[in-house]
Amino acid sequence: MIQISDQATAKIAELIENSEVSGAFLRFGVNDGGCSGLSYQIRIDDEMQEDDQVTEWSSFKVVVDSASQPFVDGVQIGYKEAGMTGGFTIDNPNAKATCGCGASFRTAAYRGQAKKC
């Protein structure tokens, strides 16, 4: 199960509302890529896939495809404001190694396919 901080919940709800797309939700998952092997994918989406797993969170839905589920189970999504910058943070207990920027990772059982960032 994914956990989302109050700050991240507020930011996601704002992004979904500003998208002005009916039925929009947060899609979270991973793909092969990034310097460590697996890259996080986080975006506002409105198209469900057959293998999606849906969780109701606050005022929106969080959708994870079944292939990503083992890699993101237990993830904590946060959001930090830092002056003129800021963004989402991801704390993944499944990650055994991460890149310097935190956008990609690998697990003990799967290294993914590393690609230049």
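Heads up: these notes are all about the structure in this document. Quick caveat, the model's predicted, so the values are computed rather than measured.

**Things to note about the packing of aromatic side chains**
Under the defined criterion, the tally for this structure stands at 2 aromatic pairs. Between the aromatic rings of Y79 and F88, the centroid separation amounts to 5.0 Å while the plane-to-plane angle is 70°, which identifies the pairing as edge-to-face. Classification of Y79 as buried rests on a relative accessible area of 16%. F88 gets classed as partly exposed once you look at its relative accessible area, which sits at 32%.

**Quick word on unusual backbone geometry**
The backbone of E20 sits at a positive phi, close to 55°, despite the residue not being glycine. Mapped onto the elements, E20 comes out in the loop between α1 (6-19) and β2 (25-32). The exposure class assigned to E20 is exposed, which follows from its relative accessible area of 75%. In this structure, S58 is a non-glycine residue whose phi angle is positive, near 50°.

What counts and how
Residues numbered from 1 in each chain as written. Predicted model: local features only at pLDDT ≥ 70, side-chain atom pairs only at ≥ 80, totals over all residues. Heavy atoms only, no water. Phe/Tyr/Trp six-rings, centres within 6.5 Å; stacked < 30°, edge-to-face > 60°. Buried < 20%, exposed > 50% of the residue type's maximum accessible area, 1.4 Å probe, protein only. Helix = DSSP H or I, 4+ residues; strand = E, 2+ residues; numbered from the N terminus.

Purely spatial values, then, with no claim about function.
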